[in-house]
Amino acid sequence: MTRREFLVLSGGTLASHPLGRWVESRTSNYFTVKRFQNLLQIPPVLRPSHSDETADYYEIVQREASVELLPGKKSTIWGYQGLFPGPIIKTRQNRRTAIRHKNKLLVPTVVHLHGSATPPDSDGFPTELLLPGQEKIYSYPNHRAATLWYHDHTMDYTGRNIFMGLAGMYIVEGEEERNLPLPRDEYDVPLIVQDRLFSGDGALLFKPDPVDGAVTDTILINGTPWPRMDVSARKYRLRIVNGSNARSFCLALSSHFPFWQIATDGGLLPAPRRIREIPIAMAERVEVIVDFSAYPVNSSLTLDDLNQGGPTRSLLQFKIVRKVRDDSRVPDHMAEAATISRDCATHERSFVFTRGGASNSEVRWSINGEQFDSAHAVATVNLGDVEIWRLANHSFRNRHNVVHPIHLHLVNFQILERNGKPAAPYEVGWKDTVALSVGDEVLIGMRFEGYKGRYLFHCHNLEHEDRGMMARFDVN
Ligand code: C2O
Ligand code: CU
Ligand code: CU
């Protein structure tokens, strides 16, 4: 048992511990939820209201709903279509989607499609509010094939709104992808991993810590706490989104067998790679193939989070229930290799992520010492240019680790260096979010393609984002 687990289970005086204040409050359901009793749910795929040759048209209502997240209890959520998480949107590369969002909540919202190159008027700039009662059509060209997610992006309230449920998966299938022998249909499984805090009667409790963010005690996958998935003894493709406000995971199988990692944030890799552990910070996505034919029928294994010890370490249980035929294969070649070289770069810029800002009484977060200012661009880049950005986490060396997962809108980048060395194996490929632990410095390279206009980059610890750690860049 780690110190953290001991403290959580002992429920004593835990004021200094990030989970402590909630356990101490004795309102949490952490102790009462049974692990692996409830079956994993798959969010429904939203159907278009109509389609034509080039586009699909969708309607989404953002509304409050009362849903069962914890067995036998009701939680009030804010959801796309009243669902937690929202419905899955599934489309094909280069087929346009137009999604009419109607806000039936009592608060303003903003919708962002994370990981896509979207024209600025549909990208969800945080001050372009969709007020209660209003509707807006967000239009996406879907040029990039990848597992994306759509989520709220309201100025100062992104953390609360996503915590309440405003997030869902968005899958763009590549033009070549259907010719690959990857597992498909029921063997292609979306997994949105999120942590939440509940009161004893099931209400969602949003009480973020200003430093750590809303790191909470109950892990939900597709809205079910610690679920079980009954699987056939064959290969599965798992699309994993870390949709947590502030919690990073390090994924591994309890059997210690490796996965085949097949994708990063930006889509399929050139070739699958064998890997045992995959860290996944907030907003990152990873896709893996797991071959359950390696395990006997009636046995089980778990998907674990190596960042945790004790009873919450296992996030999801796989129970092998039957044998089936498996036509899928792990392909040798899947996509073109990503290549951005430093030689093509026209600019190098440097951004430092620290605690800071104007106020002494309130915790704020900053980029190069500045708070988010929607009226001011910290960088203006030329459309088509390649740039190199150095990102550095200089927060709190002497306290505990404060991770800043840094996300850029519009572009996919490559991690050229991490702390002077090549990128870690799991992050080689196209990325839109890169996790920086305290003291980390990474060099990323990207081409600013697609659209002119104003865009954002920010920390995806939502409580840091909402407290200033966001900046605007313009493409001219
Ligand atoms: Cu996932 Cu600017 O966000
Ligand atoms: Cu984004
Ligand atoms: Cu941060």
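On a predicted model such as this, the values are computed, not experimentally measured, just so you know.

## Here we look at the overall build of the protein
Point 1. Scanning the protein for helices and strands turns up four helices and 31 strands.
Point 2. Taking 476 residues into account, the globule formula puts the C-alpha radius of gyration at 23 Å, and the protein, at 21 Å, falls close to it.
Point 3. Principal-axis analysis of the C-alpha atoms gives the protein an extent of 60 × 55 × 50 Å.
Point 4. Per-residue burial over the protein gives 58% buried out of 476 residues.
Point 5. For the protein, long-range pairs separated by at least 24 residues make up 75% of all intrachain contacts whose partners lie at least 6 apart in sequence.
Point 6. When the accessible surface of the protein is split by element, carbon and sulfur atoms take 48% of a total near 18600 Å².
Point 7. The positive charge centre, built from 55 side chains, and the negative charge centre, built from 55, are 5 Å apart in the protein.

## Points about the coordination of the copper ion (ligand 2)
Point 1. Note on the copper ion (ligand 2): its protein donors are His-112 (NE2) and His-407 (NE2). The metal-donor distances range over 1.9 Å. You can see His-112 sitting in strand β6 (residues 111-114) and its partner His-407 sitting in strand β26 (residues 404-408), a full 295 residues away along the chain.

## Thoughts on the sheet that holds strand β25 (residues 386-393)
Point 1. With mixed pairing, the five strands of this open sheet are ordered in space as β23-β22-β25-β29-β27. Edge positions in the open sheet fall to β23 (365-367) and β27 (414-418), since each of these has one partner strand only. Direction aside, neighbouring strands of the sheet carry axes that sit 20° apart on average.
Point 2. Inspection of the sheet shows β25 paired to strand β29 (residues 441-447) by seven bridges, in the antiparallel sense. The residue of β29 that forms the bridge with Trp-389 is Ile-444.

## Observations concerning the coordination of the copper ion (ligand 3)
Point 1. For the copper ion (ligand 3), the full set of protein donor atoms is His-404 (ND1), Cys-459 (SG) and His-464 (ND1), and the range of their distances to it is 2.0 to 2.1 Å.
Point 2. Counting along the primary sequence, the residues that act as donors to the copper ion (ligand 3) give the motif H-x54-C-x4-H. With His-404 in strand β26 and Cys-459 in strand β30 (residues 453-459), the pair connects residues that are 55 residues apart, well separated along the chain.
Point 3. On the basis of relative accessibility, which here comes to 0%, the residue His-404 falls in the buried class.
Point 4. Its relative accessible area of 0% is what places Cys-459 among the buried residues.

## Describing the domain arrangement of the protein
Point 1. According to the domain assignment, the protein consists of domain 1 (3-22 + 42-179), domain 2 (185-322) and domain 3 (342-475).
Point 2. Taken over C-alpha atoms, the centre of domain 1 sits 22 Å from the centre of domain 3.
Point 3. With 27 residues of domain 1 at the interface, the matching set in domain 3 holds 23 residues.
Point 4. Taking both partners together, domain 1 and domain 3 bury about 1900 Å²; carbon and sulfur atoms supply 57% of that area.
Point 5. Its largest share of buried area at the contact with domain 3, domain 1 owes to His-114, Pro-120 and Phe-125, together 28% of the area lost on that side.
Point 6. At the junction of domain 1 and domain 3, the tally comes to one salt bridge.
Point 7. For Arg-454, the salt bridge identified is with Glu-128, shortest N-O distance 2.7 Å.

## What about the pattern of salt bridges?
Point 1. Evaluated as defined, the whole model comprises 28 salt bridges.
Point 2. A salt bridge links Asp-440 to Arg-418, with the shortest nitrogen-to-oxygen separation between them at 3.0 Å. Taken together, the residues span a long stretch of sequence, with Asp-440 in the loop between β28 (433-436) and β29 and Arg-418 in strand β27 at a distance of 22 residues.
Point 3. Among the ionic pairs, Asp-474 bridges to Arg-472, the shortest N-O distance being 2.8 Å.
Point 4. The class for Arg-472 is buried, based on a relative accessible area of 14%.
Point 5. Three or more residues are tied together by salt bridges with common partners; here these are Glu-177, Asp-188, Arg-237, Arg-239 and Glu-287.

## Overview of the pairing of β25
Point 1. For β25, the tally of buried residues reaches seven of eight residues, placing the bulk of the element in the interior.
Point 2. The pairing of strand β22 (residues 345-355) with β25 spans eight bridges and is classified as parallel. Bridge pairing in β25 links Arg-349 to Trp-389.

## Focus on the sheet that holds β6
Point 1. The mixed open sheet is built from four strands, whose spatial order is β4-β9-β8-β6. For this open sheet the edge positions go to β4 (89-92) and β6, each flanked by a neighbour on one side alone. Within this sheet the neighbouring strands show an average axis-to-axis angle of 25°, counted without direction.
Point 2. Pairing analysis gives four bridges linking β6 to strand β8 (residues 147-152), with the strands arranged antiparallel. Across the sheet, the residue bridging to Leu-113 is Tyr-150, located in β8.

## Thoughts on the environment of Ser-314
Point 1. One can find Ser-314 in strand β21 (residues 314-323).
Point 2. Here Ser-314 falls in the buried class, since its relative accessible area comes to 16%.
Point 3. Note: C-alpha distance between Ser-314 and Leu-253 (61 residues apart in sequence) is 9.1 Å.
Point 4. In this structure, Ser-314 is in contact with Phe-36, Trp-226, Thr-302, Leu-303 and Asp-304, ignoring residues within four places of it in sequence.

## Describing unusual backbone geometry
Point 1. Across the junction of Phe-84 and Pro-85, the peptide omega takes the value -10°, indicating a cis bond.
Point 2. Mapped onto the elements, Pro-85 comes out in the loop between β3 (75-80) and β4.
Point 3. For Asn-94, which is not glycine, the phi torsion reads 70° and is therefore positive.
Point 4. Take Asn-94: it is sitting in the loop between β4 and β5 (96-103).
Point 5. Take Asn-94: its relative accessible area is 40%, and that puts it in the partly exposed class.
Point 6. You will see that Asn-298, though not glycine, has its phi angle at about 80°, which is positive.
Point 7. Checked against the element boundaries, Asn-298 lands in the loop between β19 (285-291) and β20 (300-305).
Point 8. What makes Asn-298 exposed here is its relative accessible area of 58%.

So, how was this worked out
- Residues numbered from 1 in each chain as written.
- Chains lettered and ligands numbered in written order.
- Predicted model: local features only at pLDDT ≥ 70, side-chain atom pairs only at ≥ 80, totals over all residues.
- Heavy atoms only, no water.
- Helix = DSSP H or I, 4+ residues; strand = E, 2+ residues; numbered from the N terminus.
- Rg over C-alpha atoms; globule rule 2.2 N^0.38 Å.
- Buried < 20%, exposed > 50% of the residue type's maximum accessible area, 1.4 Å probe, protein only.
- Contact = heavy atoms within 4.5 Å.
- Areas by Shrake-Rupley, 256 points an atom, 1.4 Å probe, with all protein chains shown as cover.
- Lys, Arg positive; Asp, Glu negative; His and termini not counted.
- Charge placed at Lys NZ, Arg CZ, Asp CG, Glu CD.
- Donors = N, O, S within 2.8 Å, 3.2 Å for Na, K, Ca; no water.
- Pairing = 2+ DSSP bridges.
- Axes fitted to C-alpha atoms, helices over the stretch in contact; angles between N-to-C directions.
- Domains from an automatic or database assignment.
- Buried area = accessible area lost by both parts, 1.4 Å probe.
- Salt bridge = Lys/Arg side-chain N within 4 Å of Asp/Glu carboxyl O.

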